[in-house]
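The chain contents come next:
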Amino acid sequence: MRTHMCGELRPTDAGQTVSVCGWVASRREHGQNLAFVDVRDHTGIVQCVVDGANELRSEFVVRVTGTVRARPEGTANPNLPTGDVEVGDCTVEILSQAEPPPFPVADRVDADENLRLRHRYVDLRRPAMQRNLRLRATVSSAIRRSMEAQGFVEVETPTLIASTPEGARDFVVPSRLQPGSFYALPQSPQLFKQLLMVGGIDRYYQLARCLRDEDLRADRQFEFTQLDAEMSFADQADVIGVISATVVAAIRAAGREVADEIPRMTWREAQDRFGSDKPDVRFGMELVELTDAVAGTGFRALQAPCVKGIRVPGEAGMGRARIDRLTDQAKAAGAGGLVWLKMEGETLESPILKFLSAEEKSALPKALGAEPDDLLLVVAGERPTVDRVLGQLRLELGRPPVNEGGINLLWVTDFPLFEGLDGEGRPIPAHHPFTMPHPDDLDRLDAEPLSVRSQAYDLVLNGWELGSGSVRIHRPDIQQRIFSFLGIEPEEAQSRFGFLLDAFRHGAPPHAGFAFGIDRLVALLAGEENIREVIAFPKTQSGVDPLTGAPGPVDPRQLAELGLRVLPRPT
RNA sequence: GGUCCUGUGGUGCAGCUUGGAGUGCACGCCGCCCUGUCAAGGCGGAGGUCGCGAGUUCAAAUCUCGUCAGGACCGCCA
């Protein structure tokens, strides 16, 4: 049907008779006997010269046959890769007519999200969406090649699985053959990949669809795709090596530069320096320890176990309203308040000056490395709160746009095993309950559980959590001990995860794994703030697909067959 | 569950603060003209329940309340 793609014609093709197919991108008529028609396919646009184009309209699908020729002197278009040539003496076949598009098919579009999604098939024609989806395919392909080159085997795991009421909310599918019983859609293939290790697969990977029924965000959809991997007879260093190689390969396949070696940082260091477990290391403004500098202060607001601050360069002119908003934000995040100091030239200005000693007035700016016209923000309180609050303020005040600052990968290691205590004093697992504690900390499990580190690690890219992994518990005795720690009784553990514990009694190799989100990786590589831009058919924030109308009601006969009845919505 | 922003011809906006006739801009659409344009140009034209519903008022796109939709965020996401 066609001999060439629109975007590939060049002066070297001159003289050839060609056929191209695509959509009418624009039409410029110059009377009855001359018109220019730009035809677009995913490779680009080429100008076709026709006698008349009165019957053509935007987005009509056409096949154009004609002769490639250099454009006349002075009429080349340097903005177009095909701008030195045109297709002349054209015959135009209309393959399909089209209504006027609901929004312009331009590279950049500012149309309403609902409108774009309702007409996604038009939206996808836009060069930006074409680039994003093709970038995604390039990245996926590079990931597969890298994993296979490292000896990993792709294994598919089931989509209809048993619900394990742990972590995120499950999507649930009613069973017809067992009315009243339900499948769940997998939040991840976690348990299956561990079973594959017991099954001797040794190195497993999968570009796995994961589903979680939680509220949507710019970086979260109901369904998302992960590189899911697991390896036997391997430790943390092995996993980090494999995943590092694959992520670097994927980023390079996308045409971006990245170093071979990915820096590492412990969770503790990330908290101390950045107030986050996923630090954005593209900019400074690190958290500075001030506890000693104000030890013994007479100012009550700074009498706290931990005092830290950040230096906001050049923001001494910040208005009172903005500072008040930051203060509200800090309080909402748990801080008692927000202390601010301004370097008005060389002079320190602050509402709290009268409460500070002379030593403190010089020690605070010095510790923070303050320079003229800087704004200094100080928070006091319990250490985790101080870190969290300042970490948020740092992002708010300094974070660069998504497409700036290059690609900065970072491994964050030595996460705590538990992230705190629940209402009944039981530890909450920071990762998941199959995470192996750090061997050096095992003997503190009973006495100081919150100080126990785990062999869990996250991969962070420009402040986005790309993914996480861990060394898994492969011994039933340790797994039972962790379960009981989490308040999961042996009977409950048996009923929920019994199949895994059974498997571990049949010869489980030590194993470790990882999973990271493809949607987020591709979005960052595409310079997009929102993962919807790299998903062909995403859902809106309220979980609706405006194109297909999902979710919708089902036929009453379907419900009856499933033994279900829909209750009226509570009002 | 909560906070904030947005909703005005097909599209993107302005108008809203300080209520006074659906007013305006750009694109698109329809018709005519035009032989070198490329977001072509010129002339003319059509197209509106100001998301929806209440309330206040002599009078509401504009003020108030509710509601729906889209977006950002908090909660949530082991």
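As shown above, the structure is provided for reference.
So, here is what we can say about the structure in this document. Remember, predicted model here, so these are calculated numbers, not experimental data.

Further remarks concern the side chain of Thr 291. One can find Thr 291 in the loop between strand E12 (288-289) and strand E13 (306-312). Not counting residues up to four positions away in its chain, the partners in contact with Thr 291 are Pro 305, Cys 306, Val 307 and Arg 383.

To continue, consider the sheet that holds strand E11 (residues 264-266). Spatial strand order, E6-E9-E10-E22-E21-E20-E17-E11: eight strands in an open sheet with mixed pairing. Edge positions in the sheet fall to strand E6 (153-154) and E11, since each of these pairs with one other strand and no more. Pairing geometry for strand E21 (residues 464-471) and strand E22 (residues 511-517), over five bridges, is antiparallel. Residue Ser 470 lies in a different strand from E22, and its bridge partner there is Gly 513. Sheet strands in contact with helix H5 (residues 236-253) are strand E9 (203-211), strand E10 (223-232), E11, strand E17 (409-413), strand E20 (456-461), E21 and E22, and its direction is about 160 degrees off that of E17. Sheet strands in contact with helix H6 (residues 267-274) are E11 and E17, and its direction is about 85 degrees off that of E11.

For the rest of this paragraph, the subject is the pairing of strand E2 (residues 35-41). A large share of E2 lies buried, amounting to seven of its seven residues. Because side chains alternate across E2, one face comprises the buried residues Ala 35, Val 37, Val 39 and Asp 41, and the other comprises Phe 36, Asp 38 and Arg 40, equally buried. Note: E2 against strand E3 (residues 44-50), seven bridges, orientation antiparallel. Bridge assignment links Val 37 to a residue of E3, and that residue is Cys 48.

The rules behind each value
- Residues numbered from 1 in each chain as written.
- Chains lettered and ligands numbered in written order.
- Predicted model: local features only at pLDDT ≥ 70, side-chain atom pairs only at ≥ 80, totals over all residues.
- Heavy atoms only, no water.
- Helix = DSSP H or I, 4+ residues; strand = E, 2+ residues; numbered from the N terminus.
- Contact = heavy atoms within 4.5 Å.
- Pairing = 2+ DSSP bridges.
- Axes fitted to C-alpha atoms, helices over the stretch in contact; angles between N-to-C directions.
- Buried < 20%, exposed > 50% of the residue type's maximum accessible area, 1.4 Å probe, protein only.

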